[in-house]
Amino acid sequence: MKIFQINGYFEHKGGTEASMLELAAALEERGHQVGFIYHHKTNNTLSLSQFSSYHVPVLEAKVWPKARWLAKLARIMKEEKVEVVVLQNVFNLWTVALLSRLVPTVRFVRSHEMYCMGLNRTAEGFTQECFIPHSYACIRNCRQDLLYPLRVVLYLYRKAEIRANRGLERLLVTSRYMRRNLLLNGFLEEKVEVVPPFLNLEAISPPPSSRRIALFVGRLEEIKGTKLLPELAKFLPHGAKLMVVGDGELKDELLQVVADGELKERVLFRGRLDGEELLRAYADARVVIVPSIWQEPFGRVGIEALAMGRPVVATRTGGIPEVIVPEETGLLAPPRDSQALAQAMSRLLQDTPLREKLSRQGPQMVASRYSLEQMADAIEAVYARIMG
């Protein structure tokens, strides 16, 4: 089968791109032909002879892309005899609409952007989960930072995007929670399938626990619950520390909060880490915390921690409870409840038998559900159903 993946980048830029390339290699080993179309051409753009690749700058989220680029996209589909197209991070509704008419098209939906004007599926300033589909009510309740006419334009664009995506053969999501959101917005049950992501488990060898460290990994933004980190650090048991790995808009604010007094000795900022450095940070931790206050579509940090044998304390939001099961792979707390999060964190730092039990079960669960082989099997099954 000839499969073309379409993404903003064709390089080792982030988790999506790395997973896309590993999955492509796995599919080629199974006898498929895989090609790529990408929008952004940078100095890091890959030159991989094993894959056909095309630069087509039509994929970004512009309202009116140039017709000549849409024509080039159509020409590639015809000349390459593409049988299935897989959309990764592509948000241009005209691209979606064109491809759905040319070739069977599948889209990975990893965020709420398509159907949520606020992007996070929360209401009342992150204090409540939003349960309504994309509708006129969103204009009143979402994006109050925009003038009313702009909110109307955004609402209409999202509405058109939903309509265009309903024409695709399949939409693939990473959690049952995301599937419920798409069904709520009028997508047909048979067109929405759950395909969990994968970790390269061969690269992970969980070391034994050592230091009394609670670890946070993620963007330093409000939706990730990072404003709660200084409060959580106050509740750490004697001698324990909070390690913060990541960067973002709240970095300076957090550094200022912990600059003086007792917190200065309790919080370690490591900045953004990748690869081996990130694995070492997981290895140094006894527990990983995920204090998100928005509705996480999945929560990749959770499975990374579990694969490393690190139990997780997380908030009960979005798709997180599908991975973090209380007393089996970690502990859960209500979002924004710093006291409940602190109690769970302290419990795992100090309760050795419980921590060791969860540390054994985490890697087993990840290996049974999130391997590259399993994702390749699931993707092949989706393609087979599409092709009949």
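Residues numbered from 1 in each chain as written. Predicted model: local features only at pLDDT ≥ 70, side-chain atom pairs only at ≥ 80, totals over all residues. Heavy atoms only, no water.

*Asks:* Quick one: what's the story with the sheet that holds strand β5 (residues 105-109), residue by residue and with numbers?
*Replies:* Ordered in space as β3-β2-β1-β4-β5-β8-β9, the 7 strands form an open sheet in which the pairing is parallel. Looking along the sheet, the strands with just one partner apiece sit at the ends: β3 (52-55) and β9 (192-194). Taken pair by pair, the neighbouring strands of this sheet meet at an average axis angle of 20°, ignoring direction. Sheet topology places strand β8 (residues 170-173) next to β9; 3 bridges connect them, and they run parallel. Bridging from a neighbouring strand, V173 pairs with V194 of β9. Each of β1 (2-7), β4 (84-87) and β5 is contacted by helix α3 (residues 93-102), which is oriented at about 160° to β4, the strand it contacts most. (Pairing = 2+ DSSP bridges. Helix = DSSP H or I, 4+ residues; strand = E, 2+ residues; numbered from the N terminus. Axes fitted to C-alpha atoms, helices over the stretch in contact; angles between N-to-C directions. Contact = heavy atoms within 4.5 Å.)

*Asks:* Could you give an account of the packing of α3 against helix α5 (residues 148-165), with specific residues and numbers?
*Replies:* Taken N-terminus to C-terminus, the directions of α3 and α5 make an angle of 20°; their axes are 9 Å apart at the nearest point. Comparing their axes, α5 and α3 come out roughly parallel. Our pair here, α3 against α5, has a crossing hand that is left-handed. In contact with L93, V96 and A97 of α3, α5 contributes Y157, A160, E161, A164 and N165. (Parallel < 35°, antiparallel > 145°, perpendicular 65-115°, else oblique. Left-handed = near helix turned anticlockwise from the far one by under 90°.)

*Asks:* Account for unusual backbone geometry, naming residues and giving values.
*Replies:* Of note, the phi angle at E327 is positive, near 70°, even though the residue is not glycine. Assignment of secondary structure puts E327 in the loop between β14 (312-315) and β15 (330-333). Looking at E327, the relative accessible area reads 32%, which means it is partly exposed. The backbone phi angle of R336 is positive, close to 70°, even though this residue is not glycine. (Buried < 20%, exposed > 50% of the residue type's maximum accessible area, 1.4 Å probe, protein only.)

*Asks:* So what about the packing of helix α2 (residues 67-79) against α3? Which residues, and what values?
*Replies:* With their axes 11 Å apart at the nearest point, α2 and α3 run at an angle of 30° to one another. Viewed along their axes, α2 and α3 adopt a mutual orientation that is roughly parallel. Along this stretch, α2 crosses α3, giving a crossing that reads as right-handed. Facing α2, whose interface residues are L70, L73, A74 and M77, α3 presents W94, T95, L98, L99 and L102. For the contact of α2 with α3, the residue count by class is 8 nonpolar, 1 polar and no charged. (Nonpolar A, V, L, I, M, F, W, Y, C, P; charged D, E, K, R; others polar.)

*Asks:* I'd like to hear about the environment of I379, residue by residue, with values.
*Replies:* Of note, I379 is situated in helix α14 (residues 372-387). Considered as a pair, I379 and L23 are 356 residues apart in the sequence and their alpha carbons are 9.3 Å apart.

*Asks:* Break down the sheet that holds strand β11 (residues 241-245) for me, with residues and values.
*Replies:* One key point about sheets: their strands pair by backbone hydrogen bonds, in either a parallel or an antiparallel sense. Taken in spatial order, the 6 strands make up an open sheet running β12-β11-β10-β13-β14-β15, and their pairing is parallel. Each end of this open sheet is capped by a strand with a single partner; those strands are β12 (267-271) and β15. Sheet twist, expressed as the average angle between the axes of neighbouring strands with direction ignored, equals 20°. In terms of strand pairing, strand β13 (residues 287-290) meets β14 through 3 bridges, oriented parallel. What sits directly across from V290, in β14, is A314. Against the sheet, helix α10 (residues 275-284) touches β10 (213-217), β11 and β13, its axis set at about 145° to β10.

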